[in-house]
Amino acid sequence: MLHLMDLPTLVLIVLVAAITLWALIDCIRTPGERVRFLPKLLWLLILLHGSVCAALLWTYFGKKPIADTAKGPVQRTEPFAQAR
């Protein structure tokens, strides 16, 4: 039977598992050219053996922002006709 004191512990365990799983899936789906500092395989191993700290490291240091990976200038299209 689940005791009242066990509920916060259970919530914490589920939260840690969800954050770690999200980071692992995000690492798998990130293209190789956006990964920085370490090879993608090494990031995956760190995420598999790490916890929330590894997920935070991946989030902040593991991949380049999308704006840094742009190949050229951004082509802007105007959705509305400009008034003259």
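Quick caveat, the model's predicted, so the values are computed rather than measured.

1. Looking at the overall build of the chain
- Helices and strands together make up the secondary structure of the chain, namely three helices and zero strands.
- The helix and strand sequence of the chain, counted from the amino end, reads α-α-α.
- Counting every position in the chain, which comprises 84 residues, the buried fraction comes to 19%.
- In the structure as shown, the chain presents an accessible area of about 7100 Å², 69% of it carried by carbon and sulfur atoms.

2. Looking at the nonpolar core
- Residues Ala 23, Leu 24, Cys 27, Val 35, Trp 43, Leu 44, Leu 47, Ala 54, Ala 55 and Trp 58 constitute the largest nonpolar core, which totals 10 residues.
- Contributing elements (two or more residues each) for this core: α1 (6-29), α2 (40-49) and α3 (52-62).
- In this structure Ala 55 touches Ile 19, Ala 23 and Leu 47, once residues within four positions along its chain are discounted.

3. Observations regarding α2
- Inspection of α2 places Trp 43, Leu 44 and Leu 47 among the buried residues, and these make up the whole buried set. Considered in projection along α2, the buried side chains sweep an arc of 100° and stay on one side of the axis. Turned more than 90 degrees away from the buried face of α2 sit Leu 41, Leu 48 and His 49, all of them exposed.
- Buried residues belonging to α2 abut α1 and α3.

4. Structural notes on the packing of aromatic side chains
- Evaluated as defined, the whole model comprises one aromatic pair.
- Between Trp 43 and Trp 58, the aromatic rings sit 5.5 Å apart at their centres with planes inclined by 70°, giving edge-to-face as the arrangement. One end of the pair, Trp 43, is in helix α2; the other, Trp 58, is in helix α3, and 15 residues separate them in sequence. For the pair Trp 43 and Trp 58, one class covers both residues: buried.

Thresholds applied
Residues numbered from 1 in each chain as written. Predicted model: local features only at pLDDT ≥ 70, side-chain atom pairs only at ≥ 80, totals over all residues. Heavy atoms only, no water. Helix = DSSP H or I, 4+ residues; strand = E, 2+ residues; numbered from the N terminus. Buried < 20%, exposed > 50% of the residue type's maximum accessible area, 1.4 Å probe, protein only. Areas by Shrake-Rupley, 256 points an atom, 1.4 Å probe, with all protein chains shown as cover. Core = buried A, V, L, I, M, F, W, Y, C linked by side-chain atoms within 4.5 Å. Contact = heavy atoms within 4.5 Å. Arc of directions from axis to C-beta. Phe/Tyr/Trp six-rings, centres within 6.5 Å; stacked < 30°, edge-to-face > 60°.

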